[in-house]
There are 2 protein chains.
Amino acid sequence: MSIKNVSGNKVFGGWHKQYSHDSSTLNCAMQFAIYLPPQVASGAKVPVLYWLSGLTCTDENFMQKAGAMRMAAELGIAIVAPDTSPRGDDVANDDGYDLGQGAGFYVNATEAPWNKHYHMYDYIVNELPELIEANFPVTDKRAISGHSMGGHGALVIGMHNPERYTSMSAFSPICNPINVPWGQKALTAYLGTNKETWEAYDASELMRKATNFLPVKVDQGGADNFLEEQLTPEALKQAAEASGYPLELNIHEGYDHSYYFISSFIDEHLRFHAEHLAK
Amino acid sequence: MSIKNVSGNKVFGGWHKQYSHDSSTLNCAMQFAIYLPPQVASGAKVPVLYWLSGLTCTDENFMQKAGAMRMAAELGIAIVAPDTSPRGDDVANDDGYDLGQGAGFYVNATEAPWNKHYHMYDYIVNELPELIEANFPVTDKRAISGHSMGGHGALVIGMHNPERYTSMSAFSPICNPINVPWGQKALTAYLGTNKETWEAYDASELMRKATNFLPVKVDQGGADNFLEEQLTPEALKQAAEASGYPLELNIHEGYDHSYYFISSFIDEHLRFHAEHLAK
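Quick caveat, the model's predicted, so the values are computed rather than measured.

Engineer: Tell me about the sheet that holds strand β3 (residues 28-36) of chain B, and please be specific about residues and values.
Structural biologist: Within the open sheet, the nine strands sit side by side as β1-β2-β3-β5-β4-β6-β7-β8-β9 (chain B). Their pairing is mixed. Edge positions in the open sheet fall to β1 (3-11) and β9 (247-252) of chain B, since each of these has one partner strand only. Direction aside, the axes of adjacent strands within the sheet are offset by 20° on average. The sheet contact formed by β1(B) and strand β2 (residues 14-23) of chain B spans eight bridges and is antiparallel. Bridged to B:K10 within β2(B) is B:W15. Along the sheet, helix α9 (residues 259-277) of chain A makes contact with β1 and β2 of chain B, crossing β1(B) at roughly 35°.

Engineer: Outline the relation of the copies chain B and chain A, listing residues and values.
Structural biologist: Here chain B sits on chain A after a turn of 180° about the axis and a move of 0.0 Å along it, with an RMSD of 0.0 Å. The superposition of one copy onto the other is thereby described by a two-fold rotation axis.

Engineer: An account of the side chain of B:K10 is needed here, citing residue identities and associated values.
Structural biologist: When you line up the elements, B:K10 lands in strand β1. It is A:E253 that comes nearest to the buried, bridge-free B:K10 among opposite-charge side chains, at 5.9 Å. In terms of polar contacts, B:K10 uses its side chain to reach the backbone carbonyl oxygen of A:E253, at 2.9 Å. B:K10 has contacts with A:E253, A:G254, A:Y255, A:Y260, A:F261, A:S264 and B:W15, leaving out every residue within four places of it along the chain.

Engineer: Give a detailed account of helix α5 (residues 181-191) of chain A, specifying residues and quantitative values.
Structural biologist: All names here are of chain A. Within α5, the full set of buried residues consists of W182, G183, A186, L187, A189, Y190 and L191. Along α5, the residues classed as buried sweep out an arc of 165° about the axis, all on the same side. Where the residues of α5 are buried, they touch α7 (227-231). In the segment just after α5, G192 is the residue with positive phi, at about 95°.

Engineer: Describe the pairing of strand β3 (residues 28-36) of chain A, naming the residues involved and giving the relevant values.
Structural biologist: All names here are of chain A. Counted residue by residue, β3 has seven buried out of nine residues, so it is predominantly covered. Relative to β3, strand β2 (residues 14-23) runs antiparallel, the two sharing nine bridges. Bridged to K17 within β3 is I34. If you look at the hairpin formed by β2 and β3, you'll find four residues sitting between the two strands, and N27 has a positive phi there, around 55°. In terms of strand pairing, β3 meets strand β5 (residues 78-82) through four bridges, oriented antiparallel. From the neighbouring strand, I34 faces β5, where its bridge partner is V80.

The rules behind each value
Residues numbered from 1 in each chain as written. Chains lettered and ligands numbered in written order. Predicted model: local features only at pLDDT ≥ 70, side-chain atom pairs only at ≥ 80, totals over all residues. Heavy atoms only, no water. Pairing = 2+ DSSP bridges. Helix = DSSP H or I, 4+ residues; strand = E, 2+ residues; numbered from the N terminus. Axes fitted to C-alpha atoms, helices over the stretch in contact; angles between N-to-C directions. Contact = heavy atoms within 4.5 Å. Least-squares fit on C-alpha atoms with pLDDT ≥ 70 in both. Buried < 20%, exposed > 50% of the residue type's maximum accessible area, 1.4 Å probe, protein only. Lys, Arg positive; Asp, Glu negative; His and termini not counted. Salt bridge = Lys/Arg side-chain N within 4 Å of Asp/Glu carboxyl O. Polar contact = N/O pair within 3.5 Å; in protein donor to acceptor, adjacent residues only side chain to side chain. Arc of directions from axis to C-beta.

Shown next as structure tokens:
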């Protein structure tokens, strides 16, 4: 459980830091970033928002581009941003940006060659929080959010583990991966061709069958290039209606798939999670 | 004076857009970014903050990493971020990150081969504002700010043109380039070995001799790796004391040279400029 500090930057009175560690879940070295708000300097323990990034991202994209730390500092929330897949020369990869390194899809792969390292679901749910809670001044209150592939991850992980998170949210999530090209490509590679195994990683399937409701907020840009082919929020909306899941889904006219969209609404997500983390 | 739209993203109710144009001052194609706040959608003309970036940057770094658009939207200020040098295969360059493309130092070069394209001073003072004011719903109220090499540029340009700007500010500026390695290398290349010609581009020299005072705010990280060797804010402070220039200089303990520092204090700079732009 040892972690090694890689970098540190003072931001809004707190600290953004990067750490590396050897992951026993992923069988490789991993890097993550954490923002510790100024409240920890006076001995406070703070709750944690886990942020899952989208395709091609590392631990850096969210921390550099989302503009989240101002509000995290104000609210006293730590943010943890892991990488989006196992990494390294020994780790299986693919030429596409949407499979392999940078595209772990937050699943536990069962198919070779991916099953040797690609266990991002277990990493996010178990190993990473254990590491964070052992090494930083944080409470065991957790929220989870993410963007695109990471929005898919946040919703799937939140719905499978309502006892571990106070709330979940997503920007532009892949809502129904079993029925769109990104999801079908990744799930075929990681889980094989039996589509029944895919459903455990499909937010719309999970939401349709859910009986235990976690507070959830989803924001989607109306001018997102991936909206109709890959993201399909309508599927999530219909699933929520079927089960009575109290989904807050907002479509924002004119906004696209970029971090400019995330930055415009990240404060609302932080306030949403702060409210539930405080309960 | 024709400009070509390259990209657009809705952000905080306004628009971040990138444009390319053929610069007659720099003799090459250039790209700039502009943030237009939501007020322009209802027909308002807004004042403009020009942001000059540091070494190695393009028009993108500030827009992606500074977190400035939230407050610009609130205050109704446009932000223009130009590139940091002329660009292209035909433009002279150097192997170092601190000379040539990405390192124009906001001077008018007089020495070959640099004098063919490197006229960033004239580009920022004249051509770019003319282009912006001809093509966008902006007033002729201008403020100027920047970081590191761009902080040097903002202070030098502001002090030479107090009638063209309402206010100037800088993060971590190169305060006294004629006496530090970054400045000496660039000024020797661009202006030649006669050091008297360098003084026109030295903020501390200009501030020491100034009689016409522009509102000015400078913020510097106390843990900045470049503080003592390259930035030397003490020189600027002494110059201000000599001339009575009302310099507001703040050293922030623990902060470094990165955009994490800029993001932590950019709101204060925007409010500072908004106050003066409104006069």
